[in-house]
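Remarks on the overall topology
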Amino acid sequence: MNCPQDRRIQISGESLAEVEDFCYLGGILTQFGGSVEDVAGRLQKTRGAFENLSAVWKSKELSLSTNMTFYCSIVETTFLYGCECWTLTKNLEKRIRVFQRRFLRRILMIFYPTVISNVELLRTTGQVDIAVKVTERKWWWIGHIARKDPHHLTWSHFNVVI
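Residues numbered from 1 in each chain as written. Predicted model: local features only at pLDDT ≥ 70, side-chain atom pairs only at ≥ 80, totals over all residues. Heavy atoms only, no water.

Concerning the overall build of the chain
The criterion, for reference: Numbering of helices and strands runs from the N terminus, with a helix taken as a DSSP run of H or I at least four residues long and a strand as a DSSP run of E at least two residues long. Note on contacts: a residue pair is in contact if any heavy atoms of the two residues lie within 4.5 Å. Here the accessible surface of atoms and residues is derived via Shrake-Rupley with a 1.4 Å probe, and residues count as covered only by protein chains that are part of the display.
Of the regular secondary structure elements, the chain holds six helices and four strands. In sequence order, the secondary structure elements of the chain are arranged as β-β-β-β-α-α-α-α-α-α. Across the chain, the fraction of contacts at a sequence separation of at least 24, relative to all contacts at a separation of at least 6, is 56%. A total accessible area of about 11100 Å² is found for the chain, and carbon and sulfur atoms account for 58% of it.

Details of the packing of helix α1 (residues 36-52) against helix α3 (residues 64-80)
To keep it simple, the criterion reads: To get an axis, a line is fitted to the C-alpha atoms, and for a helix only the part in contact is used. The angle between two axes follows their N-to-C directions and goes from 0 to 180 degrees. Small angles under 35 degrees read as roughly parallel and large ones over 145 as roughly antiparallel, with 65 to 115 read as roughly perpendicular and the rest as oblique. Note that Gly is not counted as nonpolar here; it falls among the polar residues with everything else outside the nonpolar set of Ala, Val, Leu, Ile, Met, Phe, Trp, Tyr, Cys and Pro and the charged set of Asp, Glu, Lys and Arg.
Interaxial distance between α1 and α3 falls to 8 Å at its minimum, and their mutual angle equals 170°. The pairing of α1 with α3 is recorded here as roughly antiparallel in orientation. Each of Arg42, Leu43, Lys45, Thr46, Ala49 and Phe50 in α1 lies in contact with α3, whose residues at this interface are Ile74, Val75, Thr78 and Phe79. For the contact of α1 with α3, a count of residues per class yields six nonpolar, two polar and two charged.

Observations regarding the pattern of salt bridges
Pairing is possible between side chains that carry opposite charge, provided their charged atoms lie close to one another. Heads up, the condition is: Salt bridge criterion: a side-chain nitrogen from Lys or Arg within 4 Å of a carboxyl oxygen from Asp or Glu. Buried, partly exposed and exposed residues are distinguished by accessible area as a fraction of the type maximum, computed with a 1.4 Å probe on protein chains only: under 20%, between the cut-offs, and over 50%, respectively.
Taken as a whole and assessed by the stated rule, the structure comprises six salt bridges. The partner of Arg106 in a salt bridge is Glu51, and the shortest N-O contact between them spans 2.8 Å. Of this pair, Arg106 sits in helix α4 (residues 90-107) while Glu51 sits in helix α1, and the two are 55 residues apart along the sequence. We classify Arg106 as partly exposed; its relative accessible area is 31%. With relative accessibility at 35%, the residue Glu51 sits in the partly exposed group. The salt bridge partner of Asp129 is Arg97, with a shortest N-O separation of 2.6 Å. Here Asp129, found in the loop between α5 (118-125) and α6 (130-146), pairs with Arg97, found in helix α4; they are 32 residues apart in sequence, far enough to count as distant.

Comments concerning the packing of aromatic side chains
Put simply, the test is: Pairing of aromatic rings covers Phe, Tyr and Trp, the last through its six-membered ring, and needs centres within 6.5 Å; plane angles under 30 degrees mean stacked, over 60 mean edge-to-face, and all others mean tilted.
For the coordinates displayed, the defined rule picks out four aromatic pairs. With 4.1 Å between their ring centres and 10° between their planes, Phe50 and Phe103 make a pair best called stacked. With Phe50 in helix α1 and Phe103 in helix α4, the pair connects residues that are 53 residues apart, well separated along the chain. The two residues Phe50 and Phe103 agree in class, both being buried. Members of the aromatic cluster, joined through ring pairs, are Phe50, Trp57, Phe99 and Phe103.

A word on unusual backbone geometry
Excluding glycine, a negative phi dihedral is what most residues carry, and trans is how most peptide bonds are arranged. Note that the residue after Tyr112, namely Pro113, is joined by a cis bond; omega there is 15°. Structurally, Pro113 is set in the loop between α4 and α5. Positive phi, normally seen in glycine, also occurs at Ser12, with a value near 50°. Secondary-structure assignment places Ser12 in the loop between β1 (10-11) and β2 (14-15).

The structure is reproduced here in structure tokens:
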């Protein structure tokens, strides 16, 4: 990934192949550092987590509160893993908002042609806009780094004066 020929990593005398993207700790790293592929991968993993709980969502015996506990602890955490490093464009924000609202509508069993406003949907489920949660996590992470000693390894990647 943009490594000069003489600085390639070697293991047992063999150079590692240069790739355009790869998965590391559940996130997708690309040659140009974009977030689109990482977010798409997270959405796919989250979709799988949501579908694995389809029996929970369809159950008439579980309350909305219980369903939302499952949603927050499994589905939402699956999606938000590693979001502190994403660069969210307006297009990506729209995409993740649609994704969240689709899941919440399915939990509430609201299907077309029944309509509910996005504000009412979030209020009914007690949720906060997912883009806001991503922003909050980013600020939390920045605060975490800012509290570290300036000579700590984490600061070596920043050219920031605070």
